[in-house]
Amino acid sequence: MELPQGGAARDQIKRTAQVIVVSSVMLTFISYWRTAAVVLCDLASTAYYIGGIVEQSVGPAAPWFILAVMLFSYCVRSVYIESCSLFVRGGVYRVVKEAMGGFLAKLSVSALMFDYILTGPISGVSAGQYLMGLCLDLFTYGMKALGGQADFAVSPDTRTSITNFGSVIVACAATLYFYWENIKGIHESSDKAVKIMKLTTVMAAVILIWCGITLAVKGPANSVPLLPDLRAHMNYDKDVQESPLGFLDHSTFRPAVEKLSEPGAPAMGWFSIIGLLGVCIAFGHSILAMSGEETLAQVYREVESPKMLNFKKAALVVFIYSLVLTAGISFLAVLLIPDDQRMKIYGSNLISGLSMSVVGPLWAKLALQTFVVLIGFLILSGAVNTAIIGSNGVLNRVAEDGVMPDWFLKPHKKYGTTSRILTLVVGLQLLTIVASRGNVIQLGEAYAFGVVWSFVFKALAMVVLRFRDPTPREHKVPLNIKVGKYEVPIGLTLIFLTLLAAAIMNLLTKETATIWGLSFTSVFLLIFTVTEKIHERRLKGEHHAHREQFNQKSTGEISLQGLGIKLPYRKLVAIRSPQNLFMLEKALSETDPRTTAVVVMTAKLDSRGDESMTSPDLDHYDQDLMTAVVTRAEIAGKQVTPLIVPTNNPLYAVLKTAKELQAQELIIGYSNKYTAEEQLDQLSLYWLNLHGGESAPITVRILSRDRDVLLDLSGGNRIPKISERQARTVAELRGAGVGVDRVLMVHDGAQTSSDLFESILTMLDPQVLLDLVCINATANAVTSSLGSNGANGHSNYDPLTHDRDIARQVGRDVHVLPLDGNPAEGLVKLAREGHYDLLVVGMPPGSEYASWATPEATDYLRRHAHCAVCMVAAPLIPTMVSEA
């Protein structure tokens, strides 16, 4: 092939348009601490209001049921981990759709949206309740100190009005603040979440230790009953008696439950059918403590590498933290706050009541209350942030599937976020805040509907997927039994049945949640159904294909500063087709994101040669290609920088981009036109031309699915793999895919092969797999040097059988694989299908080729084998006597 030389190459082959830098917020990833912080801002924040909401329904036994829910949350969390191992962009919508179809998916996400629309308001209003309550307490004590009026106090009605009004203002302000933080992106909002959780941890330690000292000094003010009280309770916010039985209140069920709840009633009665139903009701009323689990699935795609490991760490942190804080605060509130004050004064802000009930002088209690309230304001505001993140993630899944118009996915011009979805969510949350008029208990009564039913749909879908999709998972919910070709998920089924029982009890007993939840779900389901039909009409029968929405900017020259790359190593990956991105997958799997930046470029062919041409908008093919890049990056949890380079010579454009990036490695795929040798020749020539004949060091890799050809120009410049840097033993290197893990040796039945086998057997680490492939050779079974009786004096001596026996003696399980047909072609196929890393071929003494191979066969083997081929020559008989 004739190629342009020197200056001619530089003149004839030019980049014909400005480079397009593609950006998407989905290409940023966060640590497991940030992931845990985002989720905890919701789950841990419930400690501030869950105790009052549950006690309003089940009485002072509420802490036991909150504890049960928090322990059960570990099981539900395991369901979410398994679902995320199947779908990077998971969540309830994707999982339910894959398992049970589009209608139930839309139904489940409609119920979930009711949850998310309420999560922000309930947290924001609760934050306002704490803040306004603190202000009123400080005002009251200040007036007493200044005026000396010991009986000065704000009337309960005035206090409630001021607190509720102030709560609405505070909640709206917090919602608008985190709306703007989410507009700027997940890194901004997660950073705030981490800072909030650090302060919350300090607060939790202080309040738990101080309460522990109070219990040791004063003892408990009250006891925590084990059984629920399902009789009607006073709702002090409404100043009315309310029954926790809801729609069951007027049934024959009510007298039996009230009889069980009366003081002195025998505890054994709770083991009856009526009693167990009562326990289920109490558990259902407490399920609110587990809100925030769906956010765990929504942020999975943003978790950095190693993705699943970091996700499990985040889930464990979330479980332990929320268990200790939420359950601990609930128990301490009942133990320390007097019964006549707890729900009447502090029902909406129990931790404030807890801080005023500890041992110590008044000023210390006020200081503690101030500290607790300020931290509570932060974490509850952080829960507003979590609700926005979760809502955004859920509606993104819906819009990507064509259920909502693509208009909602259009990224923000500056930050690349889905600002239109965020605006919709925040608008609904602000309406809810204003409509609630600052009543936390009322919001809590309505809240649990979406939480529990989204859990039910999720768990049922995962049960169905165990039978419909047997794909191996990185994580499975425990307790599984193999029955025939199916695996029966006992653990998943038990979790589903528990959630279903709680959901049914909630449906029957929480009137406000049921009425408003069903109404809201129906409206959202109708909207989703209508918008999906409109979208299908616009497609005119074509299948919907999700295309990621991107921002793009043009630049005349590529620079590290312009791309924001500061890492010491750069790896450039050239791609062409969305269907063939194995080179990107390989590059990402080997890359350490802390030291190496991955730039992904595609050379867009343009033969017009007009240097003044402005960069075009992304067409459908560009969007499909970049969408595939984002998908691979999300699966790996590693950031990439995508570029589109218009050019009239793709190969030259790739090398010029590598030069401008000062890349140490260039990775490209195999060409459909040229051999690997021809590709490497062109690459070498262009690289020399770009550097004026003095080549800079770079390592070029040409990758296919089973080949990895490397060319080190000017000595090469290889980037350390993540596995090489992190490994501490040879076994860890092999486990990370570095080096040799599987060896296949060719055995022709001759004694020379047997000698080679013994050398290989003793040389290899026992952890390295060694297999043999038997080739029928002309000099089969016994060599002439053995004589007619063989090595051990028996005429039936077979070196191959002997070698297998030796391997068994030393504890090595060596398999002998048969080979038929053309030996060289069969070996290449066998090595590829068996994923062997090294192929060992022995050569008889004095021969350049194996006994079974012709020169053509040997050449074929070396050219086509996907792995390294080791030709081992047997030692020759010396022709001279060595000198002593």
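Refer to the structure presented above.
Throughout, residues of each chain are indexed from 1 in the direction in which the sequence is written. Per-residue local features are limited, in this predicted model, to residues with pLDDT of at least 70; the limit for side-chain atom pairs, both in listing and counting, is 80 or more; totals at the level of whole chains, interfaces and linings are taken over all residues. Side-chain metrics rest on all non-hydrogen atoms present in the structure, leaving aside hydrogens and water.

K.L.:
Help me out: how do you make sense of the overall build of the chain in this one?
P.N.:
Scanning the chain from terminus to terminus reveals 30 helices and 17 strands. For the chain, buried positions account for 54% of its 884 residues. Contact criterion: two residues are considered in contact whenever any of their non-hydrogen atoms come within 4.5 Å of each other. Taking all contacts inside the chain whose residues are at least 6 apart in sequence as the whole, residues at least 24 apart take part in 80%. Total accessible area on the chain is roughly 38,900 Å²; 59% of this is exposed by carbon and sulfur atoms. Numbering of helices and strands runs from the N terminus, with a helix taken as a DSSP run of H or I at least four residues long and a strand as a DSSP run of E at least two residues long. The classification of residues rests on relative accessible area computed with a 1.4 Å probe and restricted to protein chains. Under 20% of the type maximum is buried, over 50% is exposed, and intermediate values are partly exposed. Here the Shrake-Rupley method, with its probe set to 1.4 Å, supplies the accessible areas, and only the displayed protein chains count as covering residues.

K.L.:
Looking at this model, I keep getting lost on the sheet that holds strand E14 (residues 769-774). Mind explaining?
P.N.:
Strand pairing in a sheet relies on backbone hydrogen bonds, with the paired strands running either antiparallel or parallel. The five strands lie next to each other as E15-E14-E13-E16-E17, forming an open sheet whose pairing is parallel. Strands at the two margins of the open sheet, each flanked by one partner only, are strand E15 (816-817) and strand E17 (868-873). Think of it this way: DSSP has to see at least two bridges between two strands before they count as a pair. One ladder, built from three bridges, connects strand E13 (residues 742-747) with strand E16 (residues 838-843); its direction is parallel. Paired with Val743 across the strands is Leu838, a residue of E16. Only the stretch in contact is used when fitting a helix axis, every axis being a line fitted to C-alpha atoms; angles between N-to-C directions are given from 0 to 180 degrees. Strands in contact with helix H27 (residues 751-763) are E13, E14, E16 and E17; relative to E13, the strand with the most contacts, it is inclined by about 165 degrees.

K.L.:
It is not clear to me how the nonpolar core should be interpreted in this structure. Could you clarify?
P.N.:
Where a protein is soluble and globular, its nonpolar side chains tend to be buried together. Residues Tyr48 and Leu499 are the most contacted members of the largest nonpolar core, which totals 160 residues. Among the elements that make up this core, the one with the highest residue count is helix H12 (residues 307-336) (17 residues). Setting aside its immediate chain neighbours within four residues, Tyr48 contacts Ser126, Tyr130, Met203, Ser348, Asn349, Leu350, Ile351, Val372, Ile375, Gly376, Ile379 and Leu380. Among the buried residues, those of types Ala, Val, Leu, Ile, Met, Phe, Trp, Tyr and Cys that are joined through side-chain atoms within 4.5 Å form a nonpolar core.

K.L.:
Any chance you could explain the sheet that holds strand E7 (residues 569-574) here in plain terms?
P.N.:
Pairing within the open sheet is mixed, and its eight strands lie in the order E6-E1-E9-E8-E7-E10-E11-E12. Here the strands that pair on one side only, and so sit at the sheet edges, are strand E6 (551-555) and strand E12 (708-713). Each neighbouring strand pair of the sheet contributes to a mean axis angle of 25 degrees, computed without reference to strand direction. Note that strand E11 (residues 698-703) and E12 share six bridges and pair antiparallel. Across the sheet, Ile702 pairs through a bridge with Val709, a residue of E12. Across the sheet, helix H24 (residues 676-690) touches strand E10 (665-669), E11 and E12, and the angle it forms with E11 is around 155 degrees.

K.L.:
Can you walk me through a nonpolar patch on the surface in this structure?
P.N.:
Residues enter patches when their relative accessible area tops 30% and they take part in no salt bridge; the joining distance is 9 Å for like charges and 5 Å for the nonpolar side chains Val, Leu, Ile, Met, Phe, Trp and Tyr. Put simply, a salt bridge is a Lys or Arg side-chain nitrogen that is within 4 Å of an Asp or Glu carboxyl oxygen. Residues Leu479, Ile481, Val483, Ile490, Leu494 and Leu497 make up a contiguous nonpolar surface patch of roughly 530 Å² in combined accessible area. Every element with two or more residues in the nonpolar patch is listed here: strand E4 (480-483) and helix H18 (490-509). If you tally residues by element for the nonpolar patch, the top one is H18, at three residues. Within the fold, Leu479 resides in the loop between helix H17 (440-468) and E4.

K.L.:
So what exactly am I meant to see when it comes to the environment of Val384 here?
P.N.:
With respect to the helices and strands, the residue Val384 is situated in helix H15 (residues 362-400). With 261 residues separating them along the chain, Val384 and Ser123 place their C-alpha atoms 6.2 Å apart. The residues touching Val384, leaving out its near neighbours within four places in the chain, are Gly120, Ser123, Gly124, Ala174 and Thr175.

K.L.:
So what exactly am I meant to see when it comes to the pattern of salt bridges here?
P.N.:
Once their charged atoms are close, side chains differing in charge can pair, the charge on each being opposite to the other. One pass over the structure, following the stated rule, counts 26 salt bridges. Note that Arg89 is salt-bridged to Glu634, the shortest N-O span being 2.7 Å. Residue Arg89 is found in the loop between helix H4 (62-86) and helix H5 (91-100), and its partner Glu634 is found in helix H22 (residues 620-636); the two are separated by 545 residues along the sequence. Each member of the pair Arg89 and Glu634 is classed as buried. Between Arg808 and Asp805 there is a salt bridge, and its shortest N-O distance comes to 3.1 Å. Pair noted here: Arg808 and Asp805 are both in helix H28 (residues 799-809), with a separation of three residues, about one helical turn.

K.L.:
Help me out: how do you make sense of unusual backbone geometry in this one?
P.N.:
When glycine is set aside, most residues are seen to have a negative phi, and most peptide bonds are trans. Omega for the bond connecting Ser305 with Pro306 falls within 30 degrees of zero, at -5 degrees, which places this linkage in the cis form. Even without being a glycine, Gln662 presents a positive backbone phi close to 55 degrees. Within the secondary structure layout, Gln662 lies in the loop between helix H23 (650-661) and E10. For Ser714, which is not glycine, the phi torsion reads 55 degrees and is therefore positive. Looking at the secondary structure, you find Ser714 in the loop between E12 and helix H25 (722-726).

K.L.:
Got a minute to help me understand H12 in this structure?
P.N.:
Helical periodicity: at 3.6 residues per turn, an α-helix aligns residues three or four positions apart in one direction. Here the expected length of a helix is defined as 1.5 Å per residue gap, with one fewer gap than residues. Between the first and last C-alpha of H12 there are 43 Å, a value that for 30 residues agrees with the 44 Å anticipated at 1.5 Å per step. Most of H12 sits inside the fold, with 23 of its 30 residues counted as buried.

K.L.:
How should I be thinking about the packing of H4 against H18 in this particular structure?
P.N.:
Any two packed helices are characterised by how steeply their axes cross, that is the angle between the axes, and by the distance between the axes. Where H4 meets H18, the closest approach of the two axes is 10 Å, and the angle between their N-to-C directions is 120 degrees. Between H4 and H18, the interaxial angle falls into the category oblique. As for the relative orientation of H4 and H18, their crossing is left-handed in sense. From H4, Phe72, Cys75, Val76, Val79 and Glu82 reach across to H18, where they touch Leu492, Ile495, Thr498 and Leu499. Ten residue types, Ala, Val, Leu, Ile, Met, Phe, Trp, Tyr, Cys and Pro, are classed as nonpolar, four, Asp, Glu, Lys and Arg, as charged, and the remainder, Gly among them, as polar. When grouped by side-chain class, the residues that make up the contact of H4 with H18 number seven nonpolar, one polar and one charged. Each angle is binned into one of four classes, with values under 35 degrees roughly parallel, values over 145 roughly antiparallel, values of 65 to 115 roughly perpendicular, and all other values oblique. In this scheme the crossing of two helices becomes right-handed for a clockwise turn of the near helix relative to the far one and left-handed for an anticlockwise turn of less than a right angle.

K.L.:
Please explain the packing of aromatic side chains as it appears in this structure.
P.N.:
We describe a pair of aromatic rings using the distance from one ring centre to the other and the angle between the two ring planes. Whether two aromatic rings pair depends on their centres lying within 6.5 Å, for rings of Phe, Tyr and Trp, where Trp uses its six-membered ring; planes under 30 degrees apart make the pair stacked, over 60 edge-to-face, and the rest tilted. For the structure on display, the rule yields 14 aromatic pairs. Consider the rings of Tyr80 and Phe455, whose centres lie 6.3 Å apart with planes at 80 degrees: the pair is edge-to-face. Here the residue Tyr80 occupies a position in helix H4, and Phe455 occupies one in helix H17, the gap between them amounting to 375 residues. Taking relative accessible area as the criterion, Phe455 reaches 3% and is therefore assigned buried. Ring plane angle 70 degrees and centroid distance 4.7 Å describe the contact between Tyr300 and Phe311, whose orientation is recorded as edge-to-face. Within this pair, whereas Tyr300 is found in the loop between helix H11 (293-298) and H12, its partner Phe311 is found in helix H12, the two being separated by eleven residues in sequence. There is no split in this pair, since Tyr300 and Phe311 are both buried. Through a chain of ring-to-ring contacts, the aromatic side chains of Phe114, Phe449, Phe520, Phe524 and Phe528 assemble into a single cluster.

K.L.:
Would you mind showing me how to read the packing of helix H2 (residues 32-43) against H12 here?
P.N.:
Packing of H2 against H12 brings their axes to within 8 Å, and their N-to-C directions diverge by 35 degrees. Relative to H12, the crossing made by H2 is right-handed. Touching Tyr32, Trp33, Thr35, Ala36, Val39, Leu40 and Leu43 of H2 are Asn310, Lys313, Ala314, Val317, Val318, Tyr321, Ser322 and Thr326, all from H12. Grouping the amino acids of the contact of H2 with H12 by side-chain chemistry returns ten nonpolar, four polar and one charged.

K.L.:
Quick question: what am I supposed to make of the pairing of E11 here?
P.N.:
Remark: a regular strand shows side chains that alternate across the two faces of the sheet. Judged by how many residues are buried, E11 sits mostly within the fold: six of six residues are covered. In E11, alternate side chains face the same way, and those of Ile698, Val700 and Ile702 on one face and Thr699, Arg701 and Leu703 on the other are all buried. One ladder, built from five bridges, connects E10 with E11; its direction is parallel. Paired with Leu666 across the two strands is Val700, which belongs to E11.

K.L.:
Just checking my understanding: could you explain the side chain of Thr175 for this structure?
P.N.:
Within the secondary structure layout, Thr175 lies in helix H7 (residues 156-184). In protein, a polar contact means a hydrogen-donor-capable atom and an acceptor-capable atom, both N or O and within 3.5 Å, with residues adjacent in sequence counting only if both atoms are side-chain atoms; elsewhere, any N or O pair within 3.5 Å suffices. A polar contact of 2.8 Å, which involves the side chain of Thr175, links it to the backbone oxygen of Ala171. If sequence neighbours within four positions are ignored, Thr175 has contacts with Val384, Ile388, Val426, Gln429, Leu430 and Ile433.

K.L.:
Please explain the side chain of Ser419 as it appears in this structure.
P.N.:
Within the secondary structure layout, Ser419 lies in helix H16 (residues 419-436). Residues in contact with Ser419, not counting those within four places in the same chain, are Tyr179, Ile183 and His412.

K.L.:
I tried to follow the environment of Cys41 on my own but got confused; where do I start?
P.N.:
Residue position: Cys41 is located in helix H2. By relative accessible area, Cys41 is classed as buried at 0%.

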